[in-house]
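# Summary of structural features
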Amino acid sequence: MSQFETPLFTGLLEHMKKHPIQFHIPGHKKGAGMDPEFRDFIGENALSIDLINIGPLDDLHHPKGIIKRAQELAAEAFGADYTFFSVQGTSGAIMAMVMSVAGPGDKIIVPRNVHKSVMSAIVFSGATPIFIHPEIDKELGISHGITPESVEKALKQHPDAKGVLVINPTYFGIAGDLKKIVEISHSYHVPVLVDEAHGAHIHFHEDLPLSAMQAGADMSATSVHKLGGSLTQSSILNVREGLVSAKHVQAILSMLMTTSTSYLLLASLDVARKRLATQGRELIEKAIQLAEKTRRQINEIPYLYCVGKEILGTEATYHYDPTKLIISVKELGLTGYDVEKWLREMYNIEVELSDLYNILCIITPGDTERETDALVHALRHLSEQFRHQAARGAKPKVLLPDIPALALTPRDAFYAETEVVPFEKSVGRIIAEFIMVYPPGIPIFIPGEIITQENLNYIKKNLEVGLPVQGPEDDTLQTLRVIKEHKPIR
């Protein structure tokens, strides 16, 4: 196989050039049946390959032709035995990973700072999560990875676990010692599942953290659209056979995925793989150098701090991705959300995420010094404008969410008989819904956990500064849905 091939994209182009008469969906028929303004904006080329799984174009659910070939090329590029394309994003791929190893009553070992898709899969599967506390960075107010030591401890206590899930790297670009975690898990014959949503590029440069497949993991859900150059919502699921069955994984993924698969998304995965495999190292090297230059410039600005290699040194901070710019703004007496809004309103700059203490900016091969110079200029202005607040002295105390006790499995709690109670009177009750700050989508509460005052305070703090707290049915958070208590009859 040649990584310069693009069998899927090329196949679509060849089909388009034949100008077939279409009596199949999509109903817009190459844009002819679509709103003209939208058609003109999107363009006829894109609409001409917005097709469906007709014979010449293969079928993602049972690939035998151009999709099969494209997935084989991707497997070779990412070092997997099998690679499956997902048009349900990495969330769909993560759910397929979890549900392919864990069923009702099965245990699965997961970090507490997992994405909501992991917990959704646990609810669907009926599995019981065994939580590992991630390492907490009390200066930055963020969670890092889990340590090999904590995985070993969890497996000793739960040797019947059906899987260990690891985030590699985290949303903030921090990676633990994944290779060691894999070795420990495999010594118990337990497969390792990797949430690699923020690591599509790491496989292609030696100065970045090891990818899941390089570390010997059994499965990885990888967001090619995030940092690999494909269209939003396109992702891949990499599989190494042995402790898991690729056919079973494919069957689960097929159950979760639409049958009306987008060929625009699939083609974008095909061409993104080609670019990563043939030019990835060169492109990523440029992004790293640009990020490092930007990091140095930001660290020259008073009251701002952009995290670098000094964060390394523990097993939870074993490696990091320098293309992620974690910028701490707390010394300016501002929240990350304040800064996100200020950058948007003053400079038309959008960041990846903000939290109570930081903003996160990502540098990719799509960036140039034009964009990073604009960011640095804006941050200099920010520091100058708000330095009077920094001069007041004490750094703000970092507030972090508690990890509540799990009283019921998430599935049992989600489907239990419930009632609605006032937010302030919910302490001690068992919650029946998710509450998270998104992005990054890490739950503060999951169904089945006992509500704590500490976490209610954390939720209120996020709401006060305007951060997006999501999940509960009552989006005003005046009330929460909890497990109904049956009081004794007197």
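Residues numbered from 1 in each chain as written. Predicted model: local features only at pLDDT ≥ 70, side-chain atom pairs only at ≥ 80, totals over all residues. Heavy atoms only, no water.

## What to know about the overall build of the chain
When you go through the chain residue by residue, the secondary structure sums to 15 helices and 20 strands. A principal-axis box enclosing the C-alpha atoms of the chain has dimensions of 70 × 65 × 50 Å. Burial analysis of the chain (490 residues in total) assigns 55% to the buried set. Across the chain, the fraction of contacts at a sequence separation of at least 24, relative to all contacts at a separation of at least 6, is 73%. By element, 53% of the accessible surface of the chain is carried by carbon and sulfur atoms, the whole surface being about 21600 Å². (Helix = DSSP H or I, 4+ residues; strand = E, 2+ residues; numbered from the N terminus. Buried < 20%, exposed > 50% of the residue type's maximum accessible area, 1.4 Å probe, protein only. Contact = heavy atoms within 4.5 Å. Areas by Shrake-Rupley, 256 points an atom, 1.4 Å probe, with all protein chains shown as cover.)

## Some remarks on the nonpolar core
Nonpolar side chains in soluble globular proteins tend to be buried together. Counting residues in hydrophobic clusters, the biggest one holds 65 residues, and the most contacted among them are Leu8, Phe85 and Leu237. Element by element, the count of residues in this core is highest for helix H11 (residues 263-298), at nine residues. If we ignore the near neighbours within four places in the chain, the residues touching Leu8 are Ile66, Ile67, Ala70, Phe85, Tyr263, Leu266, Ala267 and Asp270. Membership of the second largest hydrophobic core comes to 26 residues, among which are Leu290, Leu325, Leu343 and Ala390. (Core = buried A, V, L, I, M, F, W, Y, C linked by side-chain atoms within 4.5 Å.)

## So, the sheet that holds strand E14 (residues 353-354)
Adjacent strands of a sheet form backbone hydrogen bonds with each other and so pair up, either parallel or antiparallel. In spatial order, the strands read E11-E13-E15-E14; together these four strands make up an open sheet with antiparallel pairing. If you trace the sheet from one side to the other, it starts and ends with strand E11 (305-306) and E14, each paired once. The sheet contacts of H11 involve E11 and strand E13 (324-328), and relative to E13 the element is tilted by about 10°. Running over the sheet, helix H12 (residues 336-347) touches E14 and strand E15 (358-362) and is turned about 50° from E15. (Pairing = 2+ DSSP bridges. Axes fitted to C-alpha atoms, helices over the stretch in contact; angles between N-to-C directions.)

## Thoughts on the sheet that holds strand E19 (residues 469-470)
Strand order in the open sheet formed by three strands is E18-E17-E19, and the pairing between neighbours is antiparallel. One side of each edge strand has no neighbouring strand; the edge strands of this open sheet are strand E18 (442-445) and E19. Inspection of the sheet shows strand E17 (residues 435-437) paired to E18 by three bridges, in the antiparallel sense. Within the sheet, the bridge partner assigned to Val437 lies in E18 and is Ile442. Seen against the sheet, helix H15 (residues 453-465) touches E17, E18 and E19 and runs at an angle of roughly 125° to E18.

## Regarding helix H7 (residues 148-157)
Buried residues of H7: Pro148, Ser150, Val151, Ala154 and Leu155, and no others. Buried residues in H7, looked at end-on, bunch into an arc of 160°, giving them a common side. In H7, the exposed positions angled more than 90 degrees off the buried face are occupied by Glu149, Lys153, Lys156 and Gln157. On its buried side, H7 packs onto strand E2 (107-111), strand E3 (128-132), strand E6 (164-167) and helix H8 (178-187). (Arc of directions from axis to C-beta.)

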